[in-house]
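Residue-level listing of the chains:
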Amino acid sequence: MQLPKHYDAKEVEKKWQEYWEKENIFGFDKDDTRREIFAVDTPPPTVSGQMHLGHAFSYAQEDFVIRFQRMLGKNVFYPFGTDDNGLATDRLVEKLNNVRSKDFKRKEYIKLCLKTLEKIRPDFIQDWKNIGVSCDFSIFYSTINDHCRKISQKSFIDLYNAGREYRKEAPTIFCPECHTAIAQVELEDKELSSTFNDIVFRVDGKDLIIATTRPELLSSCVAVFFHPDDKRYMRYGGKKAKVPLFDYEVPILMDERVDVEKGTGIVMCCTFGDQTDIEWYKAHNLPLRISINHDGLMNETAGKYQGMRIKQARKEIINDLRSKGLLRNQKQITHTVNVHERCGTAIEILNTKQWFIRYLDLKDKFLQAGAEMTWYPDHMRVRLDHWINGLQWDWCISRQRHFGVPFPVWYCRRCDEVILAREKDLPVDPIEDQPPVKQCPKCKNKEFIPEKDVLDTWATSSLTPQLAVELMKGTKNYKKLFPMDLRPQAHDIITFWLFNTMVKSQLHFKKNPWKNIMISGWALDPKGKKMSKSKGNVISPQEMIKKYSADCIRFWAAGSKLGEDLPFQEKDLVTGRKMTTKLWNASKFVIMHLEDFSYHQIELEPMDKWLLTKLQKLIKSCTDSFDKYEYSKVKQEAEIFFWSIFCDYYLEMVKDRLYNTENYDKEEVLSAKFALYEGLLTLLKLIAPIMPYVTEEIYQLYFSKIEKKKSIHISKWPSYNKEWVDNKTEVLGDIIVLIISEIRKFKALNNLSMAAPIKRLVIECNPKTRKQIELMFPTLTATAKIVDIEFGKGTAKIVENFKIKIEN
């Protein structure tokens, strides 16, 4: 058999990618009702340039588990979608086409988006194919296409009809940079420098010092609060304080939510500076004074500061306070501020009319739902619990953007009655489409106003199980796909994607969307820092694949436990390349000696039994580990077994039987070949989920024809065979390996070649062990190049429960 001399990763990986796609190796069989289904809610990446190292890291890890499930014989539903209805896509399309979305009619802009995405998507998705992700890429969705817009709009209609959605003017988290309302989940805590300003309010003609970091909100002050146990301010209760610069009075009230240790211990309540302001506004029925508009500019309430940006107004107000003697002191501080995770801008709380999903009353139900799913690793559920317990807002789902999935809603111009689209008309755009009624059912008015806002991108992304499963509607397996078996994702979006998807599933179906959750960590830079373009520490997986291979990247990704962050170390890819080379060379050696081998069960020699015994234990351990999503343990154990047991010892011990067949019985040679066949094939299959390309190449060189399988990845996962477990022979084999190891150490210490002969080996042991070792004389003498072996006493080195003496 002519075998390639060298392994060319570039050529091999391209070849098998094309083969897998052509032969539909990873295709879901939509009409096969016999096999167990394993359905995956694949994370849809945003089409925005190229795959980054974090993608390669987490998608490789989920793929390890999914390839294992496929090799168990399951019918794997592993679709691929892209998340295309958010701000990132909007800005990318604008940049690539040199246009502004707001200059287009929405339907026309969506068409431009789809056209642009069709053009750039193949290259983007190719990165996922290159890394070896085994999705069925023919099952595809884009969150902005007609299919997904229809499902998203139907979700809105169903929840509205269920009484779970409402529209009202209320305090809303608002991003002045993006000019849109945002949800609590889109907030990040950021440490920022600020200043505590001690400002003079006046009470009965006397000074009252109040500390604030937001002097620009003085015109929105509606009350002053102190703690009921704070004796310093008890005399002010029920009085009024005059707001500096704006010269109007506000009541001084008591409330237990005041932090007596913060600032001067007495605070102004503004509408709105933070969540506590909202609570006070509602609890004490305070008036509403809004000073900031949707563009982040001061409005008419701010008087002379109208039209200024927030920071500019803050600066001018501080100057005016200082000049009027109303600023007593300033103290530099660092405090935690809520910022919009998309742009990093400090958020404001404005009173705006928005759509909400009502769910704060379901927090206990959500906690229970989270506990009913199996988490890998288990401790990640704590993050979900913390998030749910900390919820303070209903889910704001409206966004003041032009691009996105439109609300399927019109309003009566006269009475503001909500008019919903009909399901049969979805998807609709109220700006361009007419409402389904000629007159308002409530007041009979015939004029309507279209909703111009779009749905929060997470309102659609939270429906990924339905976006994928509904593509299978009408097939025999359609009803078996939900709830899905697995949601794989990174830990940073537990509060985004995972929570919102669970919420939608509970609201729509009263069940969880998945049975299992797999949470990956982050890929970090070599110093353990988060990668970002601004820091200049981004590592390109594309470049690493060119330099090494996709298998090497996957080998690196398998080096961390699930859920753990992993600093990128290029030396791990070097190790992966060594593994590839060794696997290739060892396989060539084995296959060369299996050319005339016909597989059938035979009586095995002791060292062959030793190998197969250890192999069964490896199979059991790796299978158990994969069942628990512990792919890193599989990688570690298979790698150690391959290098140490298989290559360093077994292959060396079996060489004499393979090269000098005339010195052995035919059965002894066949026994060696049987063990080689089982050993290599099993190792290839155990490693295949992690290193799919090199294992496929080797499998196709020999095993594919014998097993009659198109790919190693749809071949049968190795099964534990207790009939091949011989613990006594394993102990004997371990003794032989130990003796060989000592002889190798001896040669190394004495600067001898490993091929140098050992004149005499003296072994001191009990009669039972001696009898066992005597059976292995041929293996010992051939492997360690020993001229003479004796049993006796004398000066000897203690090794385990016996002694040996080596003479050169």
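See the structure above.
Residues numbered from 1 in each chain as written. Predicted model: local features only at pLDDT ≥ 70, side-chain atom pairs only at ≥ 80, totals over all residues. Heavy atoms only, no water.

> Go over empty space enclosed by the protein, please, and point to the residues and values.
Under the defined criterion, the tally for this structure stands at six cavities of 30 Å³ or more. If you go around the largest cavity, the residues you meet are Phe555, Met579, Val634, Lys635, Ala638, Glu639, Leu686, Ile687, Ile690 and Met691. Mapped by element, the contributors of at least two residues to the lining of the largest cavity are helix 17 (631–659) and helix 18 (666–687). Partitioned by chemical class, the residues of the lining of the largest cavity number eight nonpolar, no polar and two charged. (1 Å grid on protein atoms, 1.4 Å probe; cavity = no way out; pocket = protein on both sides within 12 Å on 5 of 7 lines; lining within 4 Å. Points joined across faces, edges and corners; volume = space filled by probe spheres on them. Helix = DSSP H or I, 4+ residues; strand = E, 2+ residues; numbered from the N terminus. Nonpolar A, V, L, I, M, F, W, Y, C, P; charged D, E, K, R; others polar.)

> Talk me through the pairing of strand 9 (residues 221–226); I want residue IDs and the actual numbers.
With six of its six residues buried, strand 9 lies for the most part within the structure. Across five bridges, strand 9 lies against strand 12 (residues 266–270) in antiparallel orientation. Paired with Phe226 across the two strands is Ile266, which belongs to strand 12. Here strand 9 runs beside strand 11 (residues 249–254); their pairing, made up of three bridges, is parallel. When the bridges of strand 11 are listed, Val224 appears paired with Ile252. (Buried < 20%, exposed > 50% of the residue type's maximum accessible area, 1.4 Å probe, protein only. Pairing = 2+ DSSP bridges.)

> Can you break down the sheet that holds strand 18 (residues 409–412) residue by residue, with the values?
Spatial strand order, 19-18-20: three strands in an open sheet with antiparallel pairing. The open sheet terminates on both sides in strands that have one partner only, identified here as strand 19 (418–420) and strand 20 (448–450). When the angles between neighbouring strand axes are averaged without regard to direction, this sheet yields 35°. By the bridge criterion, three bridges tie strand 18 to strand 19 in an arrangement that is antiparallel. Directly across from Val409, in strand 19, lies its bridge partner Leu420. Packed on one face of the sheet, helix 5 (residues 146–161) meets strand 18 and strand 19 and runs near 130° to strand 19. (Axes fitted to C-alpha atoms, helices over the stretch in contact; angles between N-to-C directions. Contact = heavy atoms within 4.5 Å.)

> Describe the packing of helix 3 (residues 87–97) against helix 4 (residues 106–130), naming the residues involved and giving the relevant values.
At their nearest, the axes of helix 3 and helix 4 sit 10 Å apart, and the two run at 80° to each other. With respect to helix 4, the axis of helix 3 lies roughly perpendicular. Of helix 4, the residues touching helix 3 (which contributes Thr89, Asp90, Leu92, Val93, Glu94, Leu96 and Asn97) are Tyr109, Leu112, Cys113, Thr116, Leu117 and Ile120. The class makeup of the residues in the contact of helix 3 with helix 4 is eight nonpolar, three polar and two charged. (Parallel < 35°, antiparallel > 145°, perpendicular 65-115°, else oblique.)

That is the geometry; function is a separate question.
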